[in-house]
Each structure stands twice: as C-alpha cells, then as structure tokens.
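# Residue-level structural notes
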Amino acid sequence: MSEILQIESILNKDYESVNLVLFQEWIESFDKLSKLAVGIIVGPSDDVSLIKDELDFIKLIVLDFNNFDDGRGYSQAYLLSKRWQFTGEIIGINAHLDQLQFMIRSGVTSYVLLDSYVGVNEEDYANGFSICYQEAANNSGLQKKY
Amino acid sequence: MYQYSPEDSNFLVERVNQFEKQLKRHLAGDLDDAKFRSLRLRNGLYMELHAHMLRVAIPYGTLSSTQLRSLADVADKYDRGFGHFTTRQNIQFNWIELPEIANLLRDLSDEGLHAIQTSGKATRNITADPLSGLTDGEIEDARPYCELIRRWFNLHPEFSWLPGKFKIAINGAKLDETALRIHDLGLRLVRNSEDQLGFSVFVGGGLGAAAMIAAETASFVKVEDILSYLESTMRVYNLKGRRDHQKKLRIKFLVRELGADEFSRLVDEDWQQTKNDPNLKLNLVELEQLKKDFALPIKSINLGGFEEKVDFNYSIWKKNNVRSHKINGFSIVNISLTKLGAAPGDATSEQMRILADLAEKYSASELRTTKRQTIVFPYVRKDQVYDLWQSLEKYGLASPHQGTLAQIVACPGRDYCDLAKAVSIPIATRVQERFNDMKTLLDIGDLNINISGCENSCAHHHIADIGLLGMQKNGEEYYQITLAGETLHETVIGKKLGPSVSGENIIDAVEIIVNVYLKNRIDQERFTDVFKRIGIAPFKEKVYE
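If you're wondering where the values come from, they're calculated on a predicted model, not measured in any experiment.

What follows covers the interface of chain A and chain B. Across the contact, 26 residues belong to chain A and 28 residues belong to chain B. If you list the elements that add at least two residues to the side of chain A that touches chain B, you get α3 (72-83) and α4 (100-106) of chain A. Residue contributions to the side of chain A that touches chain B peak at five residues, all from α3 of chain A.

All names here are of chain B. Two elements in contact, helix α7 (residues 251-258) and helix α8 (residues 260-271), have axes whose closest approach is 6 Å; the angle formed by their N-to-C orientations is 105°. On the basis of the axis angle, α7 is roughly perpendicular to α8. Residues Leu-254, Val-255 and Leu-258 of α7 form the contact with α8, whose own contacting residues are Ala-260, Glu-262 and Phe-263. The class makeup of the residues in the contact of α7 with α8 is five nonpolar, no polar and one charged.

Moving on, we get to the confidence of the model for chain B. Looking at chain B as a whole, its pLDDT mean stands at 95, while 100% of the residues score no less than 70. Both scores are given for the predicted complex: the pTM is 0.94, the ipTM 0.93.

With that settled, consider the environment of Arg-15 of chain B. Residues and elements named next belong to chain B. Take Arg-15: it is sitting in helix α1 (residues 6-27). Arg-15 sits in the buried class, given 21 other C-beta atoms within 10 Å. Taking the C-alpha atoms as reference points, Arg-15 and Pro-344, separated by 329 residues in sequence, lie 31 Å from one another.

Counting residues in each nonpolar core, the largest one holds 136 residues, and the members touching the most others are Ile-61 and Met-103 of chain A together with Ile-513 of chain B. For this core, the element with the most residues is helix α6 (residues 226-240) of chain B, which contributes eight residues. Counting contributing residues per domain, this core is built from domain 2 (135-290) and domain 4 (409-544) of chain B, each supplying no fewer than three. Look past the residues within four positions of Met-103 of chain A in its chain and what remains in contact with it is Phe-65, Tyr-74, Ala-77, Gly-92, Ala-95, Val-108 and Tyr-111 of chain A. The next biggest cluster of nonpolar side chains, apart from the first, holds 60 residues, and it includes Ile-96, Ile-116, Ala-347 and Val-380 of chain B.

With that settled, consider the sheet that holds strand β5 (residues 110-113) of chain A. Residue and element names in this part refer to chain A. Pairing in this open sheet of five strands is parallel, and the strands run β1-β2-β3-β4-β5 from one edge to the other. Of all strands in the sheet, those with a lone pairing partner are β1 (19-22) and β5, marking the two edges. Neighbour-to-neighbour, the strand axes of the sheet open up by a mean angle of 20°, direction not taken into account. With five bridges joining them, strand β2 (residues 38-42) and strand β3 (residues 58-64) adopt parallel strand pairing. Its bridge partner lying in β3, Ile-41 is registered against Val-62.

Attention now moves to the sheet that holds strand β7 (residues 168-171) of chain B. All names here are of chain B. Read across the sheet, five strands follow the order β6-β7-β8-β9-β10 without closing on themselves; strand pairing throughout is mixed. In the strand order of this sheet, the two ends are held by β6 (127-128) and β10 (215-222), each with one partner. As paired elements, β7 and strand β8 (residues 185-191) share four bridges and run parallel to each other. Following the sheet pairing, Ile-168 is matched in β8 by Leu-185. Contacts between α8 and the sheet are confined to β9 (197-203) and β10, with β10 contributing the most and set at about 30° to the helix.

Of note, Gly-396 of chain B is situated in the loop between α12 (385-394) and β16 (409-410). Sequence separation between Gly-396 of chain B and Ile-536 of chain B is 140 residues; the distance between their C-alpha atoms is 39 Å.

Residue and element names in this part refer to chain B. With phi around 60°, Ser-365 is a residue other than glycine that occupies positive phi space. Inspection of the secondary structure assignment puts Ser-365 in the loop between α11 (349-362) and β14 (366-369). By the C-beta count within 10 Å, which is 19 here, Ser-365 ends up partly exposed. In the Ramachandran plot, Asn-474 falls in the positive-phi region, its phi being about 50° despite a non-glycine side chain. Note on placement: Asn-474 falls in the loop between β18 (466-473) and β19 (476-483).

Attention now moves to the pairing of β2 of chain A. All names here are of chain A. Among the five residues of β2, four are classified as buried, and the element is accordingly described as predominantly covered. Where β1 and β2 come together, four bridges link them in parallel fashion. Bridged to Val-21 within β2 is Ile-40. You can see the chain leave β1, run along helix α2 (residues 23-28) and come back into β2, and the turn it takes is right-handed.

Quick notes on the rules
- Residues numbered from 1 in each chain as written.
- Chains lettered and ligands numbered in written order.
- Predicted model: local features only at pLDDT ≥ 70, side-chain atom pairs only at ≥ 80, totals over all residues.
- Contact = placed C-beta atoms within 7 Å.
- Helix = DSSP H or I, 4+ residues; strand = E, 2+ residues; numbered from the N terminus.
- Axes fitted to C-alpha atoms, helices over the stretch in contact; angles between N-to-C directions.
- Parallel < 35°, antiparallel > 145°, perpendicular 65-115°, else oblique.
- Nonpolar A, V, L, I, M, F, W, Y, C, P; charged D, E, K, R; others polar.
- pLDDT = per-residue confidence, 0-100.
- Buried ≥ 20, exposed ≤ 12 C-beta atoms within 10 Å, placed from the backbone.
- Core = buried A, V, L, I, M, F, W, Y, C linked by C-beta atoms within 7 Å.
- Domains from an automatic or database assignment.
- Pairing = 2+ DSSP bridges.
- Right-handed = clockwise from strand over helix to strand, strands pointing away.

So, in structure tokens, the structure goes:
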C-alpha cells in the first residue's frame, strides 16, 4: 500500500477532501461507495473503459507511469481526456522526466515526478519541441504540422 | 526531390538537443542504464559487441547525392570510413564513440537526415518499394503516403512506448518489393470498385523464431481515413499487447492469440469512435503538395538514333542489373555493393562519394536503397547506361551480381553482433567462392540466398529461395536451411528442410540444393515454382543422403 500512501501524502495538500479508491475497489463496490469527491487510482493493466459511464462521479483520476517501458498510461490518458471528455484532473504519478512531453500531450493534466528527478529543470523536458506532427489530447503551445 | 522544411529541420535539432541532455545525465550517473537504453534506442543507438552502432533512417529508401555525401563524411569523421546499408532502408555505422553522438546527429540534421525511431519500441522507419514511381502498372508512388504516416507517428505521444517494435511497409506497385506481409503492419495501395484510392491493411506479420504472415484486417480504408485506422490498430496493440514475455512482445502474437477476426473487430470498434474526427483525417492538401515534391524529375525522351554498345562484360552486367523504366528513354540501374569477404551492404566512404557523384551526373542526383542491400539509380538515360557502367567498372562497382545467387543478403553475424549465434559473412563469402563462375551464375539465374546469424532474422532468411539460420549446437556453429520463401508475387515463409547442417558442410548442402533445382527446372522456371511442383522430398533426400 506504499504507493497509495505516497499518493495521499502528495495529494492531501490540494485534494484534502478527495476520497481516493483503487480502480478494482471502485468496480467491485460501486454501489456501496460514496459518489462524492472520488478519486480513482488506475494501474496500467486496468481497463478504463469500465468507468467511462461513471466519469461524472469522479473528481480526479490517478495514472501510474512507474514502469518506464509500459506505455499503456498514455492510451488511458488519451481515452479519458479526449474520447470520454473527462473534465476532472488526470494526474500522472511516478512520472519520469523524459516522458513528460508524452504524458502531457496524451491528456495528463498534472504530474508527480519520481523522487529521483528532484532538482532537474522540468521545463526542458515538458516543452522540448516547437512543433507537433499529430493531433493529440493536448497540443497547446505547439505549432501543428499535420 | 522532397526536402524537409525549416520547421522540420528545426525539429531534428530540437531532438538532438534533447538527446544530448539525456546523454550528459547518463554519463554523469543521473540516468540509469535501463532508462538510457530505452531512450538511446529511440535515437537509433545500440551498444554492440565492440562499440556503439548508430542506425540512420533513409525514409522510403530515397537519398539525394548531397545526403549520401553527408553520410560519407559521417563515416570518415565518426566511424572507420564505411557504412552498412541494411535490409530495411537504413544505414548503420558500427564504430561510434558515445560522446560524439550529438555532433554526429547535428551534422546529419543539416542534410535532413536523422536516427529518430530507427530502433526501440515505437514506429520504425517506414519502408517503400525502391522502384516507387518507376514501374508500369503501379497504383501510385507510395512515398508521399510514407512521409505523411512517418510524420504522424514521429514522437507520437500515445504510441511511443509500445509493447514491441513496430515496422510498417507501404507498397503501391504490382509486385511486392517491400515484403509488406512480413511487417507488423503492411499497407497496400488499392482502388475500390468506385475507383477510390485507399489501402488494404495487413497486421501481425514478422520473422524471427515464430515467423508469421500478416492477416488482412481491412480490405479497403480510404486514404483520408488511414491515420485514424492506424491509430486504432496501435491503440488495441498498446493496451492489449503482451508485455509479460520478452519473446511475445510483437503485435503478431496478439493477433495470433486473439485471432485475426477478433483483433480486426476490436480495431474496428475503436475506429468507429474516431474515423469521422476531422482532426484525424489525412491532410489531402499536404498530400497533393508531397505528390508534386516526389514527382519524377524526368520526361519521356526519344532516342531514335541510339545504338547499344556491344561489349560482352557490359552485356552481362546489363542483363542482371538494368531494368526497363516506365518513362520512355530511361532505365533503372541496380548497383551491387557485394564484394568477396565483406559484409553485404557495406560501402566505404569513397564508394559513397563516387556513387553520389555518379548519381548527380547520371540519375538526377537521386539514389534508392533496397532490402537486398543494393543501390538503385532511378533515372538513367538509356544512351548513358554504358557510360555509367564504364565509370562503375573503373571504381569496382560494376559487379554483375544483381539477381544472381552471388547477391547474398547477410546480417553482420557473430563477427559484429552480440546477439548472433553464428557467423554470416564468412558463409556468404564461401558460397560466393563456390559459385564464382559467371557462366554458372547466369545459368542458375535469379536465385536468392539470405543468411541470418540468429533467430532475430535480420537477413530475412525465411523469405529467401534458400535461407540459412545460424545456431549453436554443442558449442559449434550449425545452420538450419529453409527453402522456397518469397514475397514478390505472394508471401510464403520458407519450409524447413530438416536437421541443421554444420558450418563445415553447409556450402556443400547449398550446392546440392542448387543442383536439385537445376536438374528439375523446366525452361526458366523459378526456384519457388520448381519447389511447388516437386516438393521438399528431392531436396531433402540429396542433402541428407
């Protein structure tokens, strides 16, 4: 449960009133859980299409990018943000510096870098390019070339 | 000829700057090996047996003379004076020093060349028929489509961290020079009954230990809808592809496990959500501009009084290396880089500069690279072919091997690659030494031999007439033989002949196979046709008797 504690400690500051639950818990106990100010913690193997009809109840969604080579979080972010128009926060946790540009453009609205990146200039990695070659969930600040 | 815009060139520089920062962090110990590996591969950089290897893209296999000179300069400045043209329209440099990589990439970017996504688990360099735009009966030149699709998946935010590598080939010609059905995704340009242009889509092909032929997932996708269809295909793969087993990462395993019908259904279900999104439509205005940029730089000419030179050596070379062109008065010239004892596809910086100069003089400053690791001059006037041949002859580049057994495709093998189980180049050399008589080679005709040093199958041995796969048995090098693979007319994975053969005996085995073919051949029958008619038994019987 260390992962959840970490998220809570980070998020408590801004999201004190959010009730964070694991994706599986939400799916299994949907009827019993409070629908007020819920945040859902999604893992890479969770099927986000299972919550697409319940997004109105959800205040924020936490996606886990810990595994550097596991790209499922980018598709999860795209589907939630672009296809199902989730309007709450999509928070990427355990984020890697070198993948910020991909996370942000896929629809992640805020992120928490892994501790090992403390002290580096995030801007260099979040905004390293001036143009983009494809439509994405978020192309702000980029000249479109497509 | 198409050239990158200033924005494209700037993007290449931005990418180099980013990679340079990552490299500095790695060298300072702030970026660990595993993550740096993932990042460097997406910039084409491998750690090989002896040094770093850089793979530079030659998108759709098209190069200008200026670009080839730039590659020659890189070979001299950063390597040991040579480069290696690969089977997927890339060029590799084998002796790169890590601290010099950013400067090297900057030099390349000056000429619109780069190494972006030439490796790693992302969309790789998109390959096209090296004869795109040159042959009769073609639906369309595939290169403008390659370029638009290449751009779209360039640092794509959603699909840059796929389960495995993702190779795309696009063919617009009658014959399939791209081998598209052994790719993760192959696109064939087609016209439907209403004469609309679109693509047939094939997904899940690949070689390696489990060779598979891609299944058709859509028989017709309109040109403007292709990006959304490709995105849906990659989304299904990204979310459902195997990530738990190193040997099952490629999309072919997902297609096999789900079944092609179910895979296609999932793609279609996703696609219905996006196919009408105007932001995902292929930009048809840009496409028209690209068609102009890629238009052939030649016009039909009448060479009424032209008489071909009579010269025995020239005739042999011409028979094997020169093809007819759809534009009147022109020929397509294929140049073999094969040299005894050297890796197929290797070219020295001097050869690159000579080829660049000759292309400038005889081929509108354009060259193409092929999956048989040869160089094509696409626009040679028929009345200048002889002059070109004389120049090639002078520089030792007039090998008449194209289309003969001596034009062997081989990976670097155990001499250079730390994945390889056995040597490849010395086997190629021994085959060439065994069949060193041009009369015999001409008699055998168009028969291809491909040699891979391990199951990664970099030399595409599964799709050769005779394929050799290197392996280890009790500490010794052995070769498994496959026969009658092909992709040009139809896609067929070669059949295993039987137990693997030792390195010592493998050349004898090849000779026996060739002799069985010659003995059973009727007229000019191709190897694959003979194989279909007589089956594997006669080959097996002779090789293992």
